[in-house]
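Residues per chain, in single letters:
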Amino acid sequence: MDLALIFMVLMGVSVLAYVVLDGYDLGVGMLMPAASATEQSVMVSSIGPFWDANETWLVLGVGILLVAFPKAHGVVLGALYLPVVAMLVGLMFRGVAFEFRMKALGWHRELWNWLFWAGSFLASFSQGLMLGRYITGFEPGFGYLLFAMVVGASVCGGYVLLGATWLVLKTEGTLQAKALAWSRWGLLWVALGVGLVSLATPLVSETVRAKWFDFPRTLALMALPAACLWAGAVVWRSTGRIARGVRGQDGLPFAAAVAIFAISFLGLAYSLFPYVVIDRLTIWEAAAHPSSLKVVLAGALVVLPFIVAYTAISYRVFRGKARAGLYD
Amino acid sequence: MDDALLLARAQFGLNIAFHILFPSLTIALAWMLLGFRVAYHRTGEAGWLATYKLWTKIFALTFAMGVVTGIVMSFQFGTNWPGYMNRVGAIAGPLLGYEVLTAFFLEATFLGVMLFGMNRVPAWAHIGATALVAVGTTLSAFWILALNSWMQTPAGHVLEGDQWIAGDWLAVIFNPSFPYRFVHMMIASGLTAAFVVAGLSAWRLLKVPADASARRTLRVGVLVAAVLAPLQTVVGDLHGLNTLEHQPAKIAAMEAIWHTEKGVPLVLFAIPNEKTRTNDYAIELPYGASLILKHDPDAELKGLDAFGADVPPVAPVFFAFRLMVGIGVAMIGLSWLAAWITRRGAAAPRWLLWTLAAFTFSGWAATLAGWIVTEIGRQPWLVTGLLRTSEAVGEISGAQLGVSLTGYAFTYATMFVAYMVVLTHLAGDGAEAAAARNLPGASAAGAAAD
């Protein structure tokens, strides 16, 4: 039994779950300034019951990194120390703003509204920046920093896409109409970001280049970008149909947006595997002592099905369109 | 290196001290909420519902503070103390992992149902969700205290290479100090919540003396405190005896006993002097320490000189311990007095309301003081006898630590001020307002859509 591999998969699943789940609520947070006060209340109501559990996937992801790959944890979080601090500050302000923005009065409320937006943006951008630094193995230099900032902007775009398509699913009327337009803007942004990153990554990393440009494997690998393009097309077309009044498919744009993330994530995972720190540490070199891995795995196998089950229950309880005033 | 160690400790200390405030309130408040919720279900009284709604809002606010500061903690274990994970990660990692898996997801998910699902699920499911949130907070305390206690009094570990791994997980979890520390902390949480409930209710009654909900919650808080405060004395004493057995250097620092001798006096107050290794301006009870710790006035107690260089700094441990005990004694007196005065539905006089309001956050002060005693008292060890704090510090530069320390301090100060302002406003407006509150801007659309 290859414990390192199993934990790599577990960590990947946690991180992907985090990115998709917290991604949509961070995206909704970034879209706040574009909406009216009433719409903002609906938007916050649509994510209020979920954001807390969504962020728990981040704790699980970083927890697995810490527990299963302690050597990589030190290298990765040491190199990313300041962006991590920025992300945490953003997540903190945003998390408490859920409570404060409706309970504070006067200019305090305005301040927390602003912090809700700014915190969402800071957290999203920092995560993208961290991803950009991570892909390039934390190489120093201006070019690499620029690359990381482009990735940061792309992740913001991606989260906006997730947030906007989530709102298509969870709202109706004029707010939904706005969300449809936001979805398309988000999609364009994502297309640009994914395109840039896909082109740049093989250029900045020899390891990644070797993995993708190796005929005839390259031909099979082209299924990934093709699927990604197709998912993008689904977002574009379904948002158009919903805008024209076609009913019963409000969830389709969100599902397709999740597919874009999942496919991009797979591509990234393929690029990096078997490294946990590119060109430096493989998952086997970084893995923790098997005794601790076994005991965590046993717990995870027992508990994860329950987590999935009651998460599903929670989404079922709060199914349907969101209403304003959840935080009254 | 010493600067980085100091900054790493300062930053971690700031984070963990700020974080612990919120769980120490929510752990017990969750169980009280369950009580309010069940009371509403059984009586059908609108007053209980209003009470439940007010305290749910306060809970949600506090819980959010705990969650976001807790996420910071999850990153800092690794960034500030990489040596910790390298040497004892095989034991600490699974305990933290089990906390995330069994507690964090449970409480976070059912919190949504508890806060926003009352009209969406049947009553039994809503009560169940409230109960699961309470179970989650308690489970979380179970795992993190198991880990902390293991660091104080390690057991069940074996050395493999340069790593300590678990030989016997049950011995690791139920290590010698764990049962005492767990019960001590749970009661501390109960007292913290009880005084917050009583204090904020008193705050409301100072404004609106006739508020029925606030009178009832004041009584609940006072009674819970009156039961728990004396109980805490007993548990604290047992915990102290356990510490004497397993961490005698910590006891020597707590009592400022510099030299091993027989018939040791109890130092009531003094200024410990690290240079002369004596106590200045000491007020002592003859034979007191020997009597309390060994239940024999002539018993010998080990002083700090018995442990060489491996001793904690005396003054912070000594003073924090006295602060904690002092608050505890005051809690017993106040809760019993208040319970007596408010018996059979009698209204509390204003001086009592002011006193209870002043004691609102006394639980926080005592809890922080207690943690200072136990954590500084463990120094210079991170894991007693196995790993020194200085061996665990990482390579993050002092400059980066300085930047992040400033950022965290600013963030926490902002959050804390906002938390206090909103808390006092919510409590001051009372339960009826919390149940009926409608918001400008949000209400029109909400009403139209419903």
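Scroll up to find the structure.
Residues numbered from 1 in each chain as written. Chains lettered and ligands numbered in written order. Predicted model: local features only at pLDDT ≥ 70, side-chain atom pairs only at ≥ 80, totals over all residues. Heavy atoms only, no water.

1. Some thoughts on the pairing of strand 4 (residues 266-273) of chain B
Residue and element names in this part refer to chain B. Across six bridges, strand 4 lies against strand 5 (residues 278-285) in antiparallel orientation. Residue pairing in the sheet places Asn-273 in a bridge with Thr-278 of strand 5. A loop of four residues connects strand 4 with strand 5, the two strands running antiparallel in sequence, and Arg-277 in this loop sits at a positive phi of about 55°. (Pairing = 2+ DSSP bridges. Helix = DSSP H or I, 4+ residues; strand = E, 2+ residues; numbered from the N terminus.)

2. A look at empty space enclosed by the protein
By the definition in use, this model includes six cavities of 30 Å³ or more. Approximately 90 Å³ is the volume attributed to the largest cavity. Along its surface, the largest cavity is lined by 14 residues, and Gly48(A), Trp51(A), Asp52(A), Leu111(B) and Leu115(B) are the ones closest to its centre. If you list the elements that add at least two residues to the lining of the largest cavity, you get helix 3 (51-68) of chain A together with helix 2 (46-80) and helix 3 (82-116) of chain B. Per-element accounting of the lining of the largest cavity gives the leading share, five residues, to helix 3 of chain B. A breakdown of the residues in the lining of the largest cavity according to their chemical character gives 10 nonpolar, two polar and two charged. Reported here for the second largest cavity is a volume of approximately 60 Å³. In this structure, the second largest cavity is lined by Leu54(B), Trp55(B), Leu200(B), Ser201(B), Arg204(B), Asp211(B), Ser213(B), Ala214(B), Thr217(B), Ala427(B), Gly430(B) and Ala431(B). Broken down by secondary-structure element, the contributors of at least two residues to the lining of the second largest cavity are helix 2, helix 6 (178-207), helix 7 (212-246) and helix 14 (398-436) of chain B. (1 Å grid on protein atoms, 1.4 Å probe; cavity = no way out; pocket = protein on both sides within 12 Å on 5 of 7 lines; lining within 4 Å. Points joined across faces, edges and corners; volume = space filled by probe spheres on them. Nonpolar A, V, L, I, M, F, W, Y, C, P; charged D, E, K, R; others polar.)

3. Considerations on the nonpolar core
Counting 238 residues, the largest nonpolar core has Phe7(A), Phe69(A), Trp55(B) and Tyr84(B) as its most contacted members. The element contributing the most residues to this core is helix 2 of chain B, with 18 residues. Excluding residues within four positions of it along the chain, Trp55(B) makes contact with Leu29(B), Leu33(B), Phe36(B), Val196(B), Val197(B), Leu200(B), Ser201(B) and Thr217(B). Among the nonpolar cores identified, the runner-up in size contains 27 residues, and Leu244(B), Ala256(B), Leu293(B) and Ala369(B) belong to it. (Core = buried A, V, L, I, M, F, W, Y, C linked by side-chain atoms within 4.5 Å. Buried < 20%, exposed > 50% of the residue type's maximum accessible area, 1.4 Å probe, protein only. Contact = heavy atoms within 4.5 Å.)

4. So, the interface of chain B and chain A
Facing 70 residues of chain B, the contacting portion of chain A comprises 63 residues. For the pairing of chain B and chain A, the buried interface totals around 6,000 Å² over both sides, and the portion due to carbon and sulfur atoms is 77%. Put simply, chain B and chain A have zero salt bridges between them. Joining chain B to chain A, the criterion identifies six residue pairs in polar contact (both at pLDDT 80 or more). Secondary structure elements with two or more residues in the side of chain B that touches chain A: helix 2, helix 3, strand 2 (163-166), helix 14 and helix 15 (442-449) of chain B. When residues of the side of chain B that touches chain A are assigned to their parent elements, the largest contribution, 20 residues, is made by helix 3 of chain B. Across the side of chain B that touches chain A, the residue classes tally to 44 nonpolar, 21 polar and five charged. (Buried area = accessible area lost by both parts, 1.4 Å probe. Salt bridge = Lys/Arg side-chain N within 4 Å of Asp/Glu carboxyl O. Polar contact = N/O pair within 3.5 Å; in protein donor to acceptor, adjacent residues only side chain to side chain.)

5. Quick look at a nonpolar patch on the surface
All names here are of chain B. A contiguous nonpolar surface patch, about 690 Å² in accessible area, is contributed by Leu-268, Phe-269, Ile-271, Tyr-281, Ile-283, Leu-285 and Phe-319. Put simply, the parts of the chain that give the nonpolar patch at least two residues each are strand 4 and strand 5. Checked against the element boundaries, Phe-269 lands in strand 4. Residue Phe-269 is classed as partly exposed on the basis of its relative accessible area of 40%. (Patch = residues over 30% accessible without salt bridge, like charges linked within 9 Å, V, L, I, M, F, W, Y side chains within 5 Å. Areas by Shrake-Rupley, 256 points an atom, 1.4 Å probe, with all protein chains shown as cover.)

6. What about the side chain of Gln40(A)?
Residues and elements named next belong to chain A. Among the structural elements, Gln-40 can be located in helix 2 (residues 37-47). Residue Gln-40 is classed as buried on the basis of its relative accessible area, which comes to 14%. If we ignore the near neighbours within four places in the chain, the residues touching Gln-40 are Met-32, Pro-33, Ala-35, Arg-101 and Asn-113.

7. Quick look at helix 14 (residues 290-317) of chain A
Between its terminal C-alpha atoms helix 14 of chain A stretches 40 Å, which fits the 40 Å expected from 28 residues at 1.5 Å a residue. In helix 14 of chain A, a bend of some 35° at Val303(A) exceeds every other bend along the element, and Pro305(A), a proline, comes one to four places later. (Expected span 1.5 Å × (residues − 1). Bend = angle between axes of the 7 residues up to and from the residue.)

8. Concerning the packing of aromatic side chains
Inspection of the entire model under this criterion finds 42 aromatic pairs over all chains. Ring geometry for Phe269(B) against Phe319(B): centres 6.3 Å apart, planes inclined by 50°, an arrangement best described as tilted. Of this pair, Phe269(B) sits in strand 4 while Phe319(B) sits in helix 10 (residues 314-341), placing them 50 residues apart in sequence. Taken together, the aromatic side chains of Phe18(B), Phe22(B), Phe361(B), Trp364(B), Tyr408(B), Tyr412(B), Phe416(B) and Tyr419(B) make up a single cluster linked through ring pairs. A cation over an aromatic ring shows up here: Lys211(A) above the ring of Tyr270(A), its NZ or CZ 4.7 Å from the ring centre. Over the face of the ring belonging to Trp381(B) we find Arg388(B), whose NZ or CZ atom lies 4.3 Å from the ring centre. (Phe/Tyr/Trp six-rings, centres within 6.5 Å; stacked < 30°, edge-to-face > 60°. Lys NZ or Arg CZ within 6 Å of the ring centre and 35° of its normal.)

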